[in-house]
Amino acid sequence: MKPLILGLAAVLALSACQVQKAPDFDYTAFKESKPASILVVPPLNESPDVNGTWGMLASTAEPLSEAGYYVFPAAVVEETFKQNGLTNAADIHAVRPEKLHQIFGNDAVLYITITEYGTSYQILDSVTTVSAKARLVDSRNGKELWSGSASIREGSNNSNSGLLGALVGAVVNQIANSLTDRGYQVSQSAAYNLLSPYSHNGILKGPRFVEEQPK
């Protein structure tokens, strides 16, 4: 009887792992497109934190560059949009990819939507969360090449300071994290999780990718 129970437990555990793991992404369109340059447009921010758009935008250049792509400088992109009368992320997302290609000459456009950003007070802890979803579109024909999502949560450790200390510490941490925009630091981890070619179902390595040599 005992071996049977153990066998069933193993099957259930294996099934749970299989359910939790996301299926492999189909990169057929991505490989056919072979983008070399990516235009990252200002992310849509669905969170109540106004810093979300620029915090996530500033976090995308490094993982994309390390993945081997030319990323258009954010300041140049912002100024170009301003000159064309576009200052709102929603309006920019509404512009056709082909039109963006005419303006910037980019191969692909990365659209990001932030669903969570910032620090919240949760009884005995303050937790900073950044969650985002993204999709990469061929700017030459509007075809979607890739999509993905990532979520990072980081909390302060007040477990050893007692109940009162934990409550006070959580409040203090929330205020400090809000003032220093802890969300930006967490968004860097979220961007790597989302865009790195080393992540499961992340963006593929680009033409400028250089494998890091072991030290």
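Residues numbered from 1 in each chain as written. Predicted model: local features only at pLDDT ≥ 70, side-chain atom pairs only at ≥ 80, totals over all residues. Heavy atoms only, no water.

Going by an unreviewed UniProt entry, the protein chain carries the name DUF799 domain-containing protein and comes from Neisseria polysaccharea.

Chemist: Let's hear about the packing of aromatic side chains: which residues, and what values?
Modeler: All told, the structure shown has 6 aromatic pairs when counted by the stated rule. Ring plane angle 65 degrees and centroid distance 6.3 Å describe the contact between Tyr27 and Phe30, whose orientation is recorded as edge-to-face. Since its relative accessible area comes to 15%, Tyr27 is described here as buried. On the accessibility criterion, Phe30 (3% relative accessible area) is buried. (Phe/Tyr/Trp six-rings, centres within 6.5 Å; stacked < 30°, edge-to-face > 60°. Buried < 20%, exposed > 50% of the residue type's maximum accessible area, 1.4 Å probe, protein only.)

Chemist: Mind laying out the pairing of strand β1 (residues 37–40), listing which residues take part and the relevant values?
Modeler: Neither face of β1 is left uncovered, since the one carrying Ser37 and Leu39 and the one carrying Ile38 and Val40 both have all their residues buried. Pairing geometry for β1 and strand β3 (residues 70–71), over 2 bridges, is parallel. Paired with Ser37 across the strands is Tyr70, a residue of β3. (Helix = DSSP H or I, 4+ residues; strand = E, 2+ residues; numbered from the N terminus. Pairing = 2+ DSSP bridges.)

Chemist: I'd like to hear about the pattern of salt bridges, residue by residue, with values.
Modeler: Under the criterion given, the structure shown has 6 salt bridges. Each of Asp107, Asp138 and Arg140 takes part in salt bridges that share partners, so that together they form one network. (Salt bridge = Lys/Arg side-chain N within 4 Å of Asp/Glu carboxyl O.)

Chemist: Any chance you could break down helix α8 (residues 182–195) for me, citing the residues and the numbers?
Modeler: Compared with an ideal rise of 1.5 Å per residue, which puts 14 residues at 20 Å, α8 spans 20 Å between its outermost C-alpha atoms and is within 8% of the ideal. Every buried residue of α8 is listed here: Gly183, Val186, Ser187, Ala190, Ala191, Leu194 and Leu195. (Expected span 1.5 Å × (residues − 1).)

Chemist: Can you lay out the side chain of Thr129 for me, pointing to particular residues and giving the numbers?
Modeler: With respect to the secondary-structure elements, Thr129 resides in strand β5 (residues 125–138). At 3.5 Å, the side chain of Thr129 forms a polar contact with the side chain of Arg153. Aside from chain neighbours lying at most four places away, what touches Thr129 is Glu116, Tyr117, Gly118, Ser151, Ile152 and Arg153. (Polar contact = N/O pair within 3.5 Å; in protein donor to acceptor, adjacent residues only side chain to side chain. Contact = heavy atoms within 4.5 Å.)

Chemist: With reference to specific residues and values, describe the nonpolar core.
Modeler: Looking at soluble globular proteins, one finds that nonpolar side chains tend to be buried together. One finds Leu110 and Trp146 to be the most contacted residues of the largest nonpolar core, which totals 30 residues. Only α2 (28–33), β1, α3 (52–66), β4 (108–122), β5, β6 (144–155) and α8 provide two or more residues apiece to this core. Setting aside residues no more than four positions away along its own chain, Leu110 makes contact with Ile38, Leu39, Val40, Val41, Leu64, Ala134, Arg135, Leu136, Trp146 and Leu195. Counting 13 residues, the second-largest nonpolar core is a separate cluster that includes Leu39, Val77, Leu86 and Val95. (Core = buried A, V, L, I, M, F, W, Y, C linked by side-chain atoms within 4.5 Å.)

Chemist: An account of the side chain of Thr60 is requested, with residue identities and associated values reported.
Modeler: Assignment of secondary structure puts Thr60 in helix α3. Among the residues examined, Thr60 registers a relative accessible area of 2% and is labelled buried. A polar contact of 2.8 Å, which involves the side chain of Thr60, links it to the backbone oxygen of Leu57. Beyond its immediate chain neighbours, meaning those up to four positions away, Thr60 contacts Val40, Ile112, Ala191 and Leu195.

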